[in-house]
Amino acid sequence: GAVSCQTPTKTLLHCLPMKARSREEESRSVAPKKRVHSGVMAVPVDSLASPDRQQLVEFLEPDQEGVEVVVLESRANAKGVREEDALLENGSQSTESDDISTDQGPVPPSPLKETSFSIGLQVLFPFLLAGFGTVAAGMVLDIVQHWDVFKYVTEVFILVPALLGLKGNLEMTLASRLSTAANIGHMDTPKELWKMIMGNMALIQVQATVVGFLASIAAVIFGWIPDGHFSIGHAILLCASSVATAFIASLVLGMIMIGVIIGSRKIGINPDNVATPIAASLGDLITLALLSGISWGLYIELEDKPYVNPLVCAFFIALLPLWIIIAKRNPVTREVLYSGWEPVIIAMAISSVGGLILDKTVSDPNFAGMAVFTPVINGVGGNLVAVQASRISTYLHMSGMPGESSEKAPRKCPSPCNTFFSSDVNSRSVRVLFLLVVPGHLVFLYTISSMQGGHTTLTLIFIVFYMTAALLQVLILLYIADWMVHWMWGRGLDPDNFSIPYLTALGDLLGTGLLALSFHILWLIGDRDTDVGD
């Protein structure tokens, strides 16, 4: 940057050319003074023009004893530090002064400055939107469960939570990753933005294709073990349906997610509060509609054109090398490409266990009414815990990188009191999200009832059992999220990539299991009906 020179007796700034003096006057940030032997300090003068540099060198001759040089940081550097700090503030709002004093370094980023009301207000609309998306998905599942492909290839039910879980494994992880990148200023220039978009879209196509293929294998195994019956035609049908659904759904939802996050930043909304619920709202409906339509179409072709199913499967798998090459070009997605498989695959397996519960429950005519509620209870729990995990992850990223010791990231298991009743911003958001469960589910149940959906009358005792299951599911998930995100951070794992798949898969398993248990208890105590909405 610019320089000024001082002797112990008088200021010698006038010795410098006017050009250098004007630079000094423009600069606002002064670095601490340093001395070298004979009282002379080495000065970086690269930024000065050649004539200026020559005059400065002539001025600083060895015979000038006791000369002290003050190096002034350039305006650009100071501005860069201030802009980065401002980006780390929520909503890119900062009250820092433009001037940085001589004794202070860059101010560390402050935690998210949000009240309970502002959190609730920002989360409410996307939460309701996501909920209505899950209601629509439930209505679709309620209708398609009577289609031939679901009757004769019942393993398709096992695919439902696993593929609907892709929104947690891939789309919500993408949304959380991009939200964090947007909040810390890694998507501010068009070049950075385009690089993030290309790398992340290619990455989720790789993950979707592989997870879709593995989900179909899990469905075949889970369907074969209890019955001991295996059909190669049905296995290829499941593979083609699963891979095609996962690929197309991830492509559509990924593009929607990117648009939502960029739009949120432009209008000053925290993307963490908005992106994950919107991913979920559209994710369930789009994925279930695609799975039903594709599996039905391929089932029709199974008899007359048996070669169609293997061709569909081979086509999407053949595209894998292209997506891998694109994803490897981006350093961020390259890391996830190599290390991000464990949570995605384990989450798919957990969701498939929930799918097995759904398959065995819905296949019983006495419990056909459960189908319409399964996407709702799973979706709401997954949405709320994904918001919380994304918020905690962003909060931790403001303090450094995963694995760095920080007072924000305790390694020990938190107590329930700290999770739900402390005064910090993450505990406040837990309370807000938990309070949304009952009113949200009441709205969704009323919507299903008014649309004549399902096969179950909404009696008082049914609502009590349903709400108990929903509250217990969300309570467990929010506590596990608080522990899991901090634990992963302490072990050097990025929670954006690792926590949400586990949490949404656990939401699917808990939601399906608790809902099935509620239906069995209701059946045992005599609250039975299967004719409503037929």
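What you see is a predicted model, and the numbers here were worked out from it, not measured in a lab. (Residues numbered from 1 in each chain as written. Predicted model: local features only at pLDDT ≥ 70, side-chain atom pairs only at ≥ 80, totals over all residues. Heavy atoms only, no water.)

K.L.:
Could you clarify how one ought to interpret a positive patch on the surface in this entry?
P.N.:
Taken together, K191, K195, K328 and R334 make up a surface patch of like positive charges. Take R334: it is sitting in helix α13 (residues 331-339). With a relative accessible area of 33%, R334 lands in the partly exposed category. (Patch = residues over 30% accessible without salt bridge, like charges linked within 9 Å, V, L, I, M, F, W, Y side chains within 5 Å. Areas by Shrake-Rupley, 256 points an atom, 1.4 Å probe, with all protein chains shown as cover. Salt bridge = Lys/Arg side-chain N within 4 Å of Asp/Glu carboxyl O. Lys, Arg positive; Asp, Glu negative; His and termini not counted. Charge placed at Lys NZ, Arg CZ, Asp CG, Glu CD. Helix = DSSP H or I, 4+ residues; strand = E, 2+ residues; numbered from the N terminus. Buried < 20%, exposed > 50% of the residue type's maximum accessible area, 1.4 Å probe, protein only.)

K.L.:
Is there a simple way to explain helix α15 (residues 374-397) in this structure?
P.N.:
Because an α-helix completes one turn every 3.6 residues, residues spaced three or four positions apart along the sequence face the same direction. A rise of 1.5 Å per residue sets the reference length of α15, with its 24 residues, at 34 Å; its end C-alpha atoms lie 34 Å apart and thus fit the reference within 8%. With 24 of 24 residues buried, α15 is to be regarded as a mostly interior element. (Expected span 1.5 Å × (residues − 1).)

K.L.:
How should I be thinking about helix α11 (residues 308-318) in this particular structure?
P.N.:
For α11, every residue scored as buried is listed here: V308, N309, C313 and F316. Taken down its axis, α11 places every buried residue within 135° of arc, on the same side. In α11, those exposed residues whose orientation departs by more than 90 degrees from the buried face are L311 and A318. (Arc of directions from axis to C-beta.)

K.L.:
Help me understand the packing of helix α9 (residues 232-266) against α11, please; the structure alone is not making it clear to me.
P.N.:
How two helices pack is summed up by the angle between their axes together with the distance between the axes. Taken N-terminus to C-terminus, the directions of α9 and α11 make an angle of 40°; their axes are 8 Å apart at the nearest point. It follows that α9 is oblique to α11 by the angle criterion. At the point where α9 passes α11, the crossing takes the left-handed sense. Residues I236, L237, C239, A240, V243, A244 and F247 of α9 form the contact with α11, whose own contacting residues are N309, P310, V312, C313 and F316. Partitioned by chemical class, the residues of the contact of α9 with α11 number eleven nonpolar, one polar and no charged. (Axes fitted to C-alpha atoms, helices over the stretch in contact; angles between N-to-C directions. Parallel < 35°, antiparallel > 145°, perpendicular 65-115°, else oblique. Left-handed = near helix turned anticlockwise from the far one by under 90°. Contact = heavy atoms within 4.5 Å. Nonpolar A, V, L, I, M, F, W, Y, C, P; charged D, E, K, R; others polar.)

K.L.:
What is the right way to read the packing of aromatic side chains from this model?
P.N.:
What describes a pair of aromatic rings is the distance from one ring centre to the other and the angle between the planes of the rings. Under the criterion given, the structure shown has 13 aromatic pairs. With 5.6 Å between their ring centres and 80° between their planes, F132 and F444 make a pair best called edge-to-face. With F132 in helix α4 (residues 116-144) and F444 in helix α18 (residues 437-450), this residue pair connects regions lying 312 residues apart in the sequence. An aromatic cluster of at least three residues, connected via ring pairs, comprises F247, F315, F316 and W323. (Phe/Tyr/Trp six-rings, centres within 6.5 Å; stacked < 30°, edge-to-face > 60°.)

Just geometry here; none of it tells us what the structure is for.
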